[in-house]
Amino acid sequence: MDAFAAALNEVLTDTYHSILRTEEEALRKSGQIHLSIKEIHLIEAVGKGGKQGRTVSEIAIAMNITRSTATVAINKLEKSGYLEKQPGDEDGRTVRVTLTRSGKRIDHFHRLYHYNMVTKIVEDLTKTEKDSLFQGIQKLNEFLKKSLGEKK
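All of the points below concern the structure found in this document. (Residues numbered from 1 in each chain as written. Predicted model: local features only at pLDDT ≥ 70, side-chain atom pairs only at ≥ 80, totals over all residues. Heavy atoms only, no water.)

Side chains of Phe4, Leu8, Leu12, Leu140, Phe143 and Leu144 sit close together on the surface and give an oily, nonpolar patch of about 570 Å² of accessible area. Breaking the nonpolar patch down by element, the ones donating at least two residues are α1 (3-30) and α6 (127-147). Within the secondary structure layout, Leu12 lies in helix α1. Leu12 sits in the partly exposed class, given a relative accessible area of 37%. (Patch = residues over 30% accessible without salt bridge, like charges linked within 9 Å, V, L, I, M, F, W, Y side chains within 5 Å. Areas by Shrake-Rupley, 256 points an atom, 1.4 Å probe, with all protein chains shown as cover. Salt bridge = Lys/Arg side-chain N within 4 Å of Asp/Glu carboxyl O. Helix = DSSP H or I, 4+ residues; strand = E, 2+ residues; numbered from the N terminus. Buried < 20%, exposed > 50% of the residue type's maximum accessible area, 1.4 Å probe, protein only.)

Right, dumping it as structure tokens:
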């Protein structure tokens, strides 16, 4: 590995861990949210389904977890009052998961956190730097998805 590749590897690894730590710290500082990052990301996945919500299978695919793992997490968050399950319109076997008022509050907090983070990151960048950053991260994401056998 050449010096650039080694430095890039170090920065990527450190950045990944820093994002997770700052997100956890923001939750801790709120004093009102006592959920794990994984639970918040599950709430986010449900929130992306809008008012109609998502099926358990859709949530599992979005989070890259098994359906049974998603079911356990959904049941826990339902008992805690963040999610609710309703029969789907398609057939009696389908269950749609939606956010409760508390779940919407958590989802809003999480989206606001990401908005503030991204806004602060780019506020002092030139248009050229923004374009380069975006293109570089986009290529990284494409590489990772291809490595996982996913499509763009």
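With four of five residues buried, strand β3 (residues 95-99) is to be regarded as a mostly interior element. Sheet analysis places strand β1 (residues 54-55) next to β3, joined by two bridges and oriented antiparallel. Bridging from a neighbouring strand, Thr55 pairs with Arg96 of β3. Pairing of strand β2 (residues 83-87) with β3, which is carried by five bridges, proceeds in the antiparallel orientation. Its bridge partner lying in β3, Glu84 is registered against Thr98. (Pairing = 2+ DSSP bridges.)

Let's shift gears to the nonpolar core. Counting 20 residues, the largest nonpolar core has Leu35, Ile43, Ile74 and Leu83 as its most contacted members. At the level of secondary structure, the elements contributing two or more residues to this core comprise α2 (37-47), α3 (56-63), α4 (67-79) and β3. With six residues, the single largest contributor to this core is α2. With residues near it in sequence (within four places) discarded, Leu83 still touches Leu42, Ile43, Val46, Ile74, Leu77, Glu78, Val97, Thr98, Leu99 and Thr100. (Core = buried A, V, L, I, M, F, W, Y, C linked by side-chain atoms within 4.5 Å. Contact = heavy atoms within 4.5 Å.)

Scanning the entire structure with this criterion turns up six salt bridges. In this structure, Lys127 and Asp131 form a salt bridge, with 3.0 Å as the shortest nitrogen-oxygen distance. One end of the pair, Lys127, and the other, Asp131, are both in helix α6, four residues apart, so they sit about a helical turn from each other.

Right, let's get into α1. Taking 1.5 Å per residue, 28 residues should reach 40 Å; α1 reaches 40 Å between its end C-alpha atoms and fits that length. Sitting at the head of α1, Asp2 places a side-chain oxygen 3.2 Å from the backbone nitrogen of Phe4. Downstream of α1 by one or two residues, Gly31 has phi in the positive range, about 70°. (Expected span 1.5 Å × (residues − 1). Polar contact = N/O pair within 3.5 Å; in protein donor to acceptor, adjacent residues only side chain to side chain.)

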